[in-house]
Amino acid sequence: MANLTMVYATEEGQTRKIVEFIAEEARKEGHNVSVLDVASPLTEDPPPTYDGLLVASAVHAGRHEGEAERFIVRHLDLLQSRPSAFLSVSLGAAKTERLPDVREGVETFLEGTGWSPDLVDFIAGALRYTKYGAAKRWLMKRIAAKEGLPTDTSTDHEFTDWSEVQAFARRFVRLVEGHQDRAESRPSA
């Protein structure tokens, strides 16, 4: 059984929803999971006893959340010392032709933080029209129209592929379990 910490940065809540799904998948496999909003005071000092850490960040206007970047930079040594994963959540990931741009954005973000997570992925997010103010709803509708995404602002539109999220959850859990297995099989001094 592993102790996992999952930290997320989100504006409208899709990234939180995705991380909570990943956490539930890990719990089904018998692991202890803590899920924290990166803005929570609890993220100032993450628990020192975790076996693996996931950081997930939403992307808005082509940029990952600043709180996620600050968390990574502040805790870089800790992130590098244990199995870790980064998950980027964006509308760009909903469009196959945009995936090279999404990948490049994730690489640029990680290079800027100095972090080299063991596992990196990106997942499509959602258009949360009902959560936006009038100006943001108008702007997002224009962006959606340009990108060929739904423009009906009376409802939210989710693009997250939950089977992809489940596969990511499995890869993350296996990463941590594999690290634990290697640590247990080392001869003691």
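In this report, the structure presented in the accompanying data block is examined. As the structure is a computational prediction, the values presented were derived from the model and not from experiment.

The rules behind each value
- Residues numbered from 1 in each chain as written.
- Predicted model: local features only at pLDDT ≥ 70, side-chain atom pairs only at ≥ 80, totals over all residues.
- Heavy atoms only, no water.
- Salt bridge = Lys/Arg side-chain N within 4 Å of Asp/Glu carboxyl O.
- Helix = DSSP H or I, 4+ residues; strand = E, 2+ residues; numbered from the N terminus.
- Buried < 20%, exposed > 50% of the residue type's maximum accessible area, 1.4 Å probe, protein only.
- Expected span 1.5 Å × (residues − 1).
- Core = buried A, V, L, I, M, F, W, Y, C linked by side-chain atoms within 4.5 Å.
- Contact = heavy atoms within 4.5 Å.

1. What to know about the pattern of salt bridges
Part 1 of the reasoning: For the structure shown, the criterion picks out twelve salt bridges.
Part 2 of the reasoning: One salt bridge connects Arg171 with Asp121, and the closest N-O pair in it is separated by 2.4 Å. On the criterion of sequence distance, the pair formed by Arg171 in helix H6 (residues 162-185) and Asp121 in strand S6 (residues 119-124) is long-range, its members being 50 residues apart.

2. Quick notes on the environment of Asp77
Part 1 of the reasoning: Tracing the sequence through the fold places Asp77 in helix H3 (residues 76-81).
Part 2 of the reasoning: Judged by relative accessible area, which is 69%, Asp77 ranks as exposed.
Part 3 of the reasoning: Sequence-wise, Asp77 and Trp115 are 38 residues apart; in three dimensions their C-alpha atoms are separated by 8.9 Å.

3. Points about helix H1 (residues 14-28)
Part 1 of the reasoning: The terminal C-alpha atoms of H1, which comprises 15 residues, lie 21 Å apart, in line with the 21 Å expected from a rise of 1.5 Å per residue.
Part 2 of the reasoning: When H1 is considered as a whole, its buried residues turn out to be Gln14, Thr15, Ile18, Val19, Ile22, Ala23, Glu25 and Ala26.
Part 3 of the reasoning: Looking one or two residues past H1, Gly30 carries a phi angle of roughly 90°, positive in sign.

4. Topic: the nonpolar core
Part 1 of the reasoning: Ranked by size, the top nonpolar core spans 23 residues in total, and within it Leu4, Met6, Ile22, Leu54, Leu87 and Phe172 carry the most contacts.
Part 2 of the reasoning: It is H6 that contributes the most residues to this core, six residues altogether.
Part 3 of the reasoning: Residues contacting Leu87, with those up to four places away along its chain left out, are Ile18, Ile22, Leu54, Val55, Ala56, Ser57, Asp121, Phe122, Ile123 and Phe168.
Part 4 of the reasoning: In terms of nonpolar packing, the next biggest core, distinct from the first, is built from 20 residues, Ala9, Tyr50, Val55 and Val106 among them.

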